[in-house]
Amino acid sequence: MPVLSVDFKKMEELFCQAPPPKKSSAAIVKKPQSPTINNRQSSTSIVNLLDDKRSFAVNIFLRQVKPNVDSLIEAIRSGSGVQTENLRALKRLLPEKQELADIKAHAKDDNLGEAEQFFLRLSGIPDYELTIQAMLHKEEFAERFSDATSQLDNVLSLCDFLINDASLKQFMTLVLQLGNYLNAVSSVGKFRECCFSQKRNKLLTEDMNGREIT
């Protein structure tokens, strides 16, 4: 049987990672940015008043609005023309009172974030929150009416069954007759007490298999 050998050089070529080339000292040296550039960047920085998670959610919604945010604002102002999905999403994102107060305090800033600008424009619509809710109810009315109609049909079908089913009437008649019979027995109280005593004595004198306990 031939002796197996391992080609370690081949393994190194296949699996070993060559060390990265050393960078020259000239490449490592970074030139400091001029203060004029930093001043220009700070003067045009975006003012974000919402927290990161909130701002991210609003900006994602604005990216999905078709054709643009201007058309959405005008549609809300007119009370029609907004898709149901957009109304549902917008209802969940409506600004809170403190958020609006902070945004309005910076209304004169020209570098407000997109989410803040949208909330500021939205707050300019009279009763915007009530308008959005009314638009959503209007869009969902047909769907909700269809669901309610289907449920009402089920209730009417059940009522028709309870009124007209012969077997149910027979069963209820039997229950009524049993109730009338028990009420007619003058010693019904003694009858119940006697039955309870018999069952209790049976439990005390017999085991689970019905054999008498001695």
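Here the structure is a predicted model, which is why all the values come from computation and not from measurement.

Thresholds, definitions, all that
Residues numbered from 1 in each chain as written. Predicted model: local features only at pLDDT ≥ 70, side-chain atom pairs only at ≥ 80, totals over all residues. Heavy atoms only, no water. pLDDT = per-residue confidence, 0-100. Contact = heavy atoms within 4.5 Å. Salt bridge = Lys/Arg side-chain N within 4 Å of Asp/Glu carboxyl O. Helix = DSSP H or I, 4+ residues; strand = E, 2+ residues; numbered from the N terminus. Buried < 20%, exposed > 50% of the residue type's maximum accessible area, 1.4 Å probe, protein only. Core = buried A, V, L, I, M, F, W, Y, C linked by side-chain atoms within 4.5 Å. Axes fitted to C-alpha atoms, helices over the stretch in contact; angles between N-to-C directions. Parallel < 35°, antiparallel > 145°, perpendicular 65-115°, else oblique. Nonpolar A, V, L, I, M, F, W, Y, C, P; charged D, E, K, R; others polar. Left-handed = near helix turned anticlockwise from the far one by under 90°.

Student: Quick question: what am I supposed to make of the confidence of the model for the chain here?
Tutor: Note: predicted coordinates in regions of low pLDDT should not be interpreted at a detailed level. Mean pLDDT over the chain: 77, with 65% of residues reaching 70 or higher. Counted against residues more than four places away or in other chains, residues 25-29, with its pLDDT under 50, gives 1 contact. This stretch, residues 31-43, has a pLDDT under 50; its non-local contacts, to residues over four places away or in other chains, come to 2 contacts.

Student: Would you take a moment to explain the pattern of salt bridges for this structure?
Tutor: Oppositely charged side chains can pair when the atoms bearing their charge come close. Per the stated rule, a full pass over the model turns up 6 salt bridges. Where Arg54 meets Glu99, a salt bridge forms, and the shortest distance between an N and an O atom there is 2.9 Å. Of this pair, Arg54 sits in helix H4 (residues 52-64) while Glu99 sits in helix H7 (residues 97-105), and the two are 45 residues apart along the sequence. When the shortest N-O distance is used, the salt bridge between Glu140 and Arg88 registers 2.9 Å. In this pair, Glu140 sits in helix H9 (residues 128-164) while Arg88 sits in helix H6 (residues 84-93), placing the two residues 52 residues apart along the sequence. When its relative accessible area of 32% is taken as the criterion, Arg88 is described as partly exposed. Within this structure, Arg88, Glu140, Glu143 and Arg144 form a network of salt bridges that share partners.

Student: For this particular structure, what's the right way to read unusual backbone geometry?
Tutor: Apart from glycine, the bulk of residues carry a negative phi angle, and the bulk of peptide bonds sit in the trans form. Residue Pro67 is reached from Lys66 by a cis peptide bond, and omega for that bond is -5°. Relative to the assigned elements, Pro67 resides in the loop between H4 and helix H5 (69-78). One non-glycine residue, Asp127, lies in positive phi territory at about 50°. Mapped onto the elements of the fold, Asp127 is located in the loop between helix H8 (114-123) and H9. Classification of Asp127 as exposed rests on a relative accessible area of 59%.

Student: Sorry if this is basic, but what is going on with the nonpolar core here?
Tutor: The nonpolar side chains of soluble globular proteins are, as a tendency, buried together. Phe61, Ile76, Phe118 and Leu122 are the most contacted members of the largest nonpolar core, which totals 26 residues. Among residues more than four places away in sequence, those in contact with Phe118 are Val58, Phe61, Leu62, Val69, Leu72, Ile73 and Leu90.

Student: Got a minute to help me understand the packing of H4 against H8 in this structure?
Tutor: The description of two packed helices rests on the angle between their axes and on the distance between the axes. Remark: H4 packs on H8, axes separated minimally by 8 Å, with the N-to-C direction vectors making an angle of 75°. Comparing the axis directions of H4 and H8 gives the class roughly perpendicular. In this structure, H4 uses Arg54, Ser55, Val58, Asn59, Phe61, Leu62 and Arg63 to contact H8, whose residues at the interface are Glu114, Ala115, Phe118 and Phe119. Tallied by class, residues from the contact of H4 with H8 come to 6 nonpolar, 2 polar and 3 charged.

Student: Any chance you could explain the packing of H6 against H9 here in plain terms?
Tutor: Contact geometry for H6 and H9: axes closest at 10 Å, N-to-C directions at 135°. By the angle class used here, H6 and H9 are oblique. Seen along the crossing, H6 lies across H9 with a hand that is left-handed. Within the contact between the two elements, H6 uses Thr84, Leu87, Arg88, Leu90 and Lys91 and H9 uses Ile132, Gln133, Met135, Leu136, Glu139, Glu140 and Glu143.

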